[in-house]
Amino acid sequence: MPLFYSQNLSEVDSSFHHPGNPLPLGKTHAKPPDTSYRSITSAYTMSILQVPQFRHPEEVKLLRLIYLACPVSRTGLQDAGGYPPALHFSGERAKGMRECSIFLDESGEQGRESKYYLLAIVFHDQSRPIGEFIHRYEQSLHARNLPDIPLHTSPLLNGHDAYAVLEPRIRKQLLLAFLSMLPRLPITYTCLVYRKSDFNSPNQLRLRMKRDIMNLLIRNLAWLQRFDRIKIYYDSGQAIVNKAIHEAVEFAIAKEATFYRKSSPNDYRLAQTADLLCTLELTALKFNLHEATSTDTKFFGDRRTFMKNYYKKASKLKLNNQPVVALPRR
């Protein structure tokens, strides 16, 4: 089963079990205020534990994962009142400050129109520029006399919105031009996949999504801790996704290190990338479950053709070499 699709936290927790390092839940020592890195991070974690909504057993397990996975030395931290959160930053603006961008895009809605709900999460280390690849992509559009329309995959496949006046042949060329750029981008991504019938309410889906995003962040602490700032881009289109993102990120990462930006495919090429990846994952899911629509087969061909000419280019960018998208176990 892919690592970041909904998992049982008891299994995740047991893999990190260390009986000699229990998570401290007792009272803190009375000591003079300390503004050191260790003290600030420890106080942050303990403040989480003092909020009733974070005392759910599964979230306490996640805090234990934070403690066990965090590479910061634990020496003397008990005297400061606890252990550091998953990710903490000083907030100082220094030269050479490293930033990570996270772009999110969802497929599906809260009603009954769609059977599945997907959330694509794209990571980009901003020290690795993408301007050259975007320039080449835009040059290729110009050379082929293709319109530079901000990629929005669902309207492109169905011939809606800005694509309504374009023939299917032109729309396919636009998609292939973007796909040619995709494997060259210095990004990684993962995709959370849910069958909506597995949840009794949108709130239950939100809680599962929140848990899975927290799990994702914690599993990638070693990489995330290279950065001084995390910027999260989402169009805030779905309320349950927006809330799950904020709750999960603010649980695992110190607030002063996180910046939110409202984005859309019209604004950023990487937002367009997240949109495309989400659509490709949904299409792969439908092909694998023999649920491909007439639009899917008309645009992409059969499953073999889709996997070879479209999905293969995207899958090379998957985080930790995840296999083809699959649903969590029921």
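These remarks concern the structure in this document. (Residues numbered from 1 in each chain as written. Predicted model: local features only at pLDDT ≥ 70, side-chain atom pairs only at ≥ 80, totals over all residues. Heavy atoms only, no water.)

**As for the nonpolar core**
Definition in use: Here the nonpolar core consists of buried residues drawn from Ala, Val, Leu, Ile, Met, Phe, Trp, Tyr and Cys, with membership extended through side-chain atoms lying within 4.5 Å. Burial classes follow relative accessibility: with a 1.4 Å probe on protein chains only, a residue under 20% of its type's maximum area counts as buried, one over 50% as exposed, and anything between as partly exposed. Elements are defined by DSSP. Helices are runs of H or I of four residues or more, strands are runs of E of two residues or more, and each kind is numbered from the N terminus. The contact criterion used throughout is that any non-hydrogen atoms of two residues lie within 4.5 Å.
Among the nonpolar cores identified, the biggest contains 42 residues, and L156, L175, L182, L185, L276, L280 and F306 are the most heavily contacted of them. Per-element accounting of this core gives the leading share, 8 residues, to helix α11 (residues 269-288). If near-sequence neighbours (up to four positions away) are discounted, L182 is found in contact with I187, T273, L276, L277, A314 and L317. Ranked by size, the runner-up nonpolar core spans 32 residues in total, among them L119, F199, I213 and I230.

**Overview of the packing of aromatic side chains**
This is how it is decided: Stacked, tilted and edge-to-face are the three classes assigned to paired rings of Phe, Tyr and Trp, where Trp is represented by its six-membered ring and a pair needs centres within 6.5 Å; plane angles under 30 degrees give stacked, over 60 edge-to-face, the rest tilted. Charge-over-ring contacts are defined here by two conditions on Lys NZ or Arg CZ: a distance within 6 Å of the ring centre and an angle within 35 degrees of the ring normal.
Applying the stated criterion across every chain, the model contains 13 aromatic pairs. A centroid spacing of 6.0 Å and a plane angle of 70 degrees characterise the contact between Y194 and F199, whose relative ring orientation is edge-to-face. On the basis of relative accessible area, Y194 is assigned to the buried category, the value being 2%. F199 sits in the buried class, given a relative accessible area of 12%. Aromatic side chains F306 and Y311 sit 6.1 Å apart centroid to centroid with 35 degrees between the ring planes, which places their arrangement in the tilted category. For the pair F306 and Y311, a shared accessibility class is recorded, and that class is buried. Three or more aromatic residues link up through ring pairs in this structure, and these residues are F287, F299, F300, F306, Y310 and Y311. Taking the ring centre of F299 as reference, the NZ or CZ of K172 above it sits at 5.6 Å.

**Some points on empty space enclosed by the protein**
Cut-off, in case you're wondering: For cavity detection a 1 Å grid was placed over the protein atoms alone, and a set of points counts as a cavity when a 1.4 Å probe fits there but cannot get out; an open set counts as a pocket when protein lies on both sides within 12 Å along at least five of seven lines, with lining residues being those that have an atom within 4 Å of a point. Grid points are joined across faces, edges and corners, and a volume is the space filled by probe spheres set on the points. When residues are sorted by character, Ala, Val, Leu, Ile, Met, Phe, Trp, Tyr, Cys and Pro go into the nonpolar class, Asp, Glu, Lys and Arg into the charged class, and all the rest, Gly among them, into the polar class.
Counted by the stated rule, this structure contains 2 cavities of 30 Å³ or more. The calculated volume of the largest cavity comes to roughly 70 Å³. Every residue lining the largest cavity is listed: I102, L104, I121, F123, I213, L216, L217, I232, I245, V249 and I253. Those elements that place two or more of their residues in the lining of the largest cavity are β1 (99-107), β2 (116-125), α8 (202-219) and α10 (239-252). Broken down by element, the residue count for the lining of the largest cavity peaks at 3 residues, all from α8. Counted by class, the lining of the largest cavity contains 11 nonpolar, no polar and no charged residues. Of the pockets and cavities examined, the second largest cavity occupies roughly 50 Å³. Looking at the second largest cavity, the residues that line it are F103, L104, D105, Y234, D235, S263, S264, P265, A271 and A274. Mapped by element, the contributors of at least two residues to the lining of the second largest cavity are β1 and α11. Considering every element that reaches the lining of the second largest cavity, the biggest residue donor is β1, with 3 residues. For the lining of the second largest cavity, a count of residues per class yields 6 nonpolar, 2 polar and 2 charged.

**A few points about the sheet that holds β2**
Here is the rule we go by: We call two strands paired when DSSP finds no fewer than two bridges between them. Orientation is described by axes fitted as lines to C-alpha atoms, over the contacting stretch for helices, and by angles from 0 to 180 degrees between their N-to-C directions.
Reading across the sheet, the 5 strands line up as β3-β2-β1-β4-β5 and stay open at both edges, with mixed pairing between neighbours. A strand with exactly one partner marks an edge of an open sheet, and here the two such strands are β3 (187-195) and β5 (258-262). Pairs of neighbouring strands in the sheet enclose a mean axial angle of 20 degrees, with direction left out of account. Pairing geometry for β1 and strand β4 (residues 229-234), over 5 bridges, is parallel. Residue pairing in the sheet places F103 in a bridge with Y233 of β4.

**A closer look at the layout of surface pockets**
One number sums up the size of the largest pocket: a volume of about 560 Å³. Lining the largest pocket are 25 residues; nearest its centre among them are S107, S154, N158, T279 and L282. Elements supplying a minimum of two residues to the lining of the largest pocket: β1, α6 (153-158), α11 and α12 (294-300). Broken down by element, the residue count for the lining of the largest pocket peaks at 6 residues, all from α11. Across the lining of the largest pocket, the residue classes tally to 6 nonpolar, 11 polar and 8 charged.

**Digging into the packing of helix α7 (residues 168-181) against α11**
Packed helices, taken two at a time, are described by their axes: the angle between them and the distance between them. Rule in force here: Oblique is the label for any angle not under 35 degrees, not over 145, and not in the 65 to 115 range, which are roughly parallel, roughly antiparallel and roughly perpendicular in turn.
Two elements in contact, α7 and α11, have axes separated by 12 Å at closest approach and are oriented at 105 degrees. Viewed along their axes, α7 and α11 adopt a mutual orientation that is roughly perpendicular. Of the residues in α11, those in contact with L175, F178 and L179 of α7 are R269, Q272, T273, L276 and L280. For the contact of α7 with α11, a count of residues per class yields 5 nonpolar, 2 polar and 1 charged.

**A look at helix α5 (residues 131-143)**
What sets the pattern is the α-helix's 3.6 residues per turn: residues three or four places apart point alike. Defined as follows: One less than the number of residues in a helix, times 1.5 Å, gives the span that helix is expected to have.
With 13 residues, α5 extends 18 Å from end C-alpha to end C-alpha; this agrees with the ideal 18 Å at 1.5 Å per step. As for α5, its buried residues are in contact with α7 and α11. The first or second residue beyond α5 is N145, which carries a positive phi of 60 degrees.

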